[in-house]
Amino acid sequence: MGEGGGEVGGPAQPWVRHLPEAPDPDDVDLLSEGSLPAAWARRWDAHPDRPVLCDPDGSWLTGADLAKRSAAVAGRLAGAGLRAGDRLLLSGGASSAFVVAHVAAMRSGLVVVPVNTACSKRELEVVIAHARPRAAVLEAERLRAWAGEADPGLVVTDVDVGLPDGPAPVLDAVASDAPALLPYTSGTTGEPKGVPLSHGNLLASVEALRLAWRWTEDDALILCLPLFHVHGLGVGLHGALLSGGTVVLHRGFDPEAVLAAATDATMFFGVPTMYTRLVAAEGAERLAGLRLCVSGSAPMSAVLHAQVLARCGQVVLERYGMTETIMLVSNPLEGERRAGSVGLPLPGVELRLGDDDEIQVRGPNVFGGYLEAQAGKAATTGTAPGTAARAFTPDGWFRTGDVGAVDADGYVRIVGRAKELIITGGYNVYPREVEDVLRQHPDVADVAVVGTPSPEWGETVTAYVEARTGFDPTAVLAWASEQLAPYKRPRLVHCVDALPRNGMGKVVRAALRPPDEPPSGQPTT
Ligand code: MLC
Ligand code: AMP
């Protein structure tokens, strides 16, 4: 782990500052446990009676329960013909059944494709056509029906995986370079991009967090993030299972429920919108009892940092990550947690600023390249020409698309985005995808979608529409609602005579300004 480095902040590997007594980087092996399933199984064997998971209904699973139930589900998936390397769509709200299904897939070497519980039919079809899964474990009946229509050969079942028993498959024997997770992002081009993450990527990322945040078997995490993004799944759930501690699942975010749970917990992970709601809730001071409150997925303002300190007595630890890399940078647990900064690179992560101060990274947590659909069959093309290859520099660093600055003492700040991306309530929305959908409506001549500042959501998805005669914003929004998951829908719509364009005819987003008349739609703030 000692090679390279020194790209930011002076010391050969700035990340050693996260660790007690700043060890020799060569002595830190993030992959020593082999894989997450192997590490989890070791914990459950060592302490079978220790509680690990609390269902939203209040019932607990011990290590032995999770080991046994996941092995049984793995057998049923094998009985349905699934073999290591096959892809499995997984979608559901937080529940022990969902976790059992996910753990079963990971232990069997299946590749989990997480799907938003609120996705539209169009969005589900795009993922199925691209990822070509063998099976789909879907909690919502609506999604099961759509999946069956999209691919009649797909094995479709609910999160209890009520399939006939099959032979006991080999468990916990996955190679660290084998694919484990395949989340989707729509990307700046509007095309779907599958992000294959290996077992090594997943393990390295949470092992780094375990070390940096001193995450131990004494910890109890309150987890109310969705389990179909890396924040909830790849950080919260995976990390808690690796720590040997407990995770208390909540079905969605309810500030009162979080504050009630804080008495018996030690950690909370959230997005800034959740902290905005927590500071406004009655009993906000109860958060003070936790040993660690983490924020990420979107920038947290200095004002909100100060409010959380004043109302909840917590100095929030902000960190920075991405689907393609899981976690990258974090404020230190023991050193200064600096508002406006995301902190120091995490163990194993090398970070540099490239052209135009774009943040570039490499490390064992960084994926190897997007999955692109080719002749109807998806294949990994990390080095192929095209959009996906531009994700890496010629010397192999991943280009994050975030613009950064590094202070004299190594703290990283995110100062902008090179990529066109809106972050609303911690969810990413790519303007191009929303524009492509709106442009298909006959009343829309052209459209540009941007994020406008919002105190609650960070940014609000806002559409500027060049309308044809007869344009009815309500009808267009209702139609868009069928095509897009709720968080992607424009919340504000401005009608303009003409979109501002440069000499090449390209829309100049920075020149978009609300016209004088009030916008259509429901502002979210
Ligand atoms: C919900 N709505 C949103 C929204 N979430 N609209 C815009 N942006 C969002 N993020 C819509 C609902 O559909 C509803 O619309 C209306 O807003 C009010 O809903 P709500 O009940 O108030 O929202 P709620 O369900 O409480 O959700 C808010 C939230 C949620 C903050 C809890 O958005 C959330 O869990 N965000 C976390 C996302 C996340 O995990 N991101 C990690 C990505 S991984 P209507 O029209 O029906 O009224 C990543 C890497 C990293 O980024 O670094 O972590
Ligand atoms: P996603 O593609 O959903 O994984 O989102 C990753 C993006 O979220 C990053 O590229 C950043 O733009 C943004 N992000 C994550 N954490 C932070 C943070 N703490 N501050 C600012 N932006 C963040």
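The following refers to the structure shown. (Residues numbered from 1 in each chain as written. Chains lettered and ligands numbered in written order. Predicted model: local features only at pLDDT ≥ 70, side-chain atom pairs only at ≥ 80, totals over all residues. Heavy atoms only, no water.)

## Observations regarding the overall build of the chain
- Looking only at helices and strands, the chain features 12 helices and 28 strands.
- For the chain, the C-alpha radius of gyration of 23 Å lies close to 24 Å, the compact-globule estimate for 525 residues.
- Along the first, second and third principal axes, the C-alpha set of the chain runs to 70 × 55 × 50 Å.
- Within the chain, the fraction of its 525 residues that count as buried is 56%.
- For the chain, the proportion of contacts with a sequence separation of at least 24, taken over those separated by at least 6, is 66%.
- Per element, the accessible surface of the chain, about 20,600 Å² overall, is 51% carbon and sulfur. (Helix = DSSP H or I, 4+ residues; strand = E, 2+ residues; numbered from the N terminus. Rg over C-alpha atoms; globule rule 2.2 N^0.38 Å. Buried < 20%, exposed > 50% of the residue type's maximum accessible area, 1.4 Å probe, protein only. Contact = heavy atoms within 4.5 Å. Areas by Shrake-Rupley, 256 points an atom, 1.4 Å probe, with all protein chains shown as cover.)

## Thoughts on the side chain of His250
- Along the chain, the position of His250 falls in the loop between strand 12 (246–249) and helix 8 (255–261).
- You can call His250 buried: its relative accessible area is 12%.
- The contact partners of His250, leaving out residues within four places of it in the chain, are Pro56, Ala94, Ile222, Leu223, Cys224, Ala257, Val258 and Ala261.

## Quick notes on the environment of Gly194
- Mapped onto the fold, Gly194 is located in strand 9 (residues 193–194).
- With 249 residues separating them in the primary sequence, Gly194 and Asp443 have C-alpha atoms 32 Å apart.
- The contact partners of Gly194, leaving out residues within four places of it in the chain, are His130, Leu182, Pro183, Tyr184, Tyr370 and Leu371.

## So, the nonpolar core
- Formed by 113 residues in total, the largest nonpolar core has its most connected members in Trp213, Phe268, Phe269, Tyr275, Leu287 and Phe398.
- In terms of residue count, helix 3 (residues 96–108) provides more of this core than any other element does, nine residues in total.
- Listed in part, the 19 residues of the second largest apolar core include Val429, Val434, Val461 and Tyr487. (Core = buried A, V, L, I, M, F, W, Y, C linked by side-chain atoms within 4.5 Å.)

## Concerning the pattern of salt bridges
- Counted by the stated rule, this structure contains 32 salt bridges.
- A salt bridge links Asp86 to Arg134, with the nearest nitrogen and oxygen atoms 3.1 Å apart. Within this pair, whereas Asp86 is found in the loop between helix 2 (63–79) and strand 3 (87–91), its partner Arg134 is found in the loop between helix 4 (121–131) and strand 5 (135–138), the two being separated by 48 residues in sequence.
- Exposure remark for Asp86: the relative accessible area of 16% places this residue in the buried category.
- Residue class for Arg134 comes out partly exposed when judged on its relative accessible area of 38%.
- With a shortest N-O distance of 2.8 Å, Glu207 and Arg210 are connected by a salt bridge. Placement of both Glu207 and Arg210 in helix 6 (residues 199–212) is noted, with a separation of three residues, approximately one turn of the helix.
- Exposure remark for Glu207: the relative accessible area of 5% places this residue in the buried category.
- Several salt bridges converge on common partners, so that one network encompasses Glu420, Arg432, Glu435, Asp436, Arg439, Asp446, Glu466, Arg501 and Arg509. (Salt bridge = Lys/Arg side-chain N within 4 Å of Asp/Glu carboxyl O.)

## Description of the site of ligand 2
- Close to ligand 2 lie 15 residues, the nearest being Arg319, Thr323, Asp402, Lys419 and Asn428.
- Glu318 is positioned with one of its side-chain polar atoms (N or O) 3.0 Å from a nitrogen atom of ligand 2.
- Within the side chain of Asp402, an N or O atom sits 2.6 Å from an oxygen atom of ligand 2.
- Class assignment of the residues belonging to the shell around ligand 2 gives a composition of seven nonpolar, four polar and four charged. (Near = heavy atom within 4 Å. Polar contact = N/O pair within 3.5 Å; in protein donor to acceptor, adjacent residues only side chain to side chain. Nonpolar A, V, L, I, M, F, W, Y, C, P; charged D, E, K, R; others polar.)

## Describing unusual backbone geometry
- At Ile326, a residue that is not glycine, the phi angle is positive and equals roughly 50°.
- For Ile326, the location among the structural elements is in strand 16 (residues 326–330).
- Positive phi values are uncommon outside glycine, yet Asp356 reaches one of about 55°.
- Looking at where Asp356 falls in the secondary structure, it is placed in the loop between strand 18 (350–353) and strand 19 (358–362).

## Considerations on helix 12 (residues 473–483)
- What helix 12 keeps buried is the set Pro473, Val476, Leu477, Ala480 and Gln483. Projected onto a plane normal to the axis of helix 12, the buried residues spread over an arc of 110° and lie on a single side. Residues of helix 12 that are exposed and point more than 90 degrees away from the buried face comprise Thr474 and Glu482.
- As for helix 12, its buried residues are in contact with helix 4, helix 11 (431–439), strand 26 (444–454) and strand 28 (492–496). (Arc of directions from axis to C-beta.)

## Description of the layout of surface pockets
- By volume, the second largest pocket amounts to about 330 Å³.
- Among the elements that make up the lining of the second largest pocket, the one with the highest residue count is strand 26 (four residues).
- Here the residues of the lining of the second largest pocket are counted per class, giving nine nonpolar, five polar and five charged. (1 Å grid on protein atoms, 1.4 Å probe; cavity = no way out; pocket = protein on both sides within 12 Å on 5 of 7 lines; lining within 4 Å. Points joined across faces, edges and corners; volume = space filled by probe spheres on them.)

## Re the pairing of strand 13 (residues 267–270)
- Every second residue of strand 13 is oriented toward a common face, with Met267 and Phe269 on one face and Phe268 and Gly270 on the other, all of them buried.
- Relative to strand 13, strand 11 (residues 220–223) runs parallel, the two being bridged by two bridges. From the neighbouring strand, Ile222 faces strand 13, where its bridge partner is Phe268.
- Pairing analysis gives four bridges linking strand 13 to strand 14 (residues 292–295), with the strands arranged parallel. (Pairing = 2+ DSSP bridges.)

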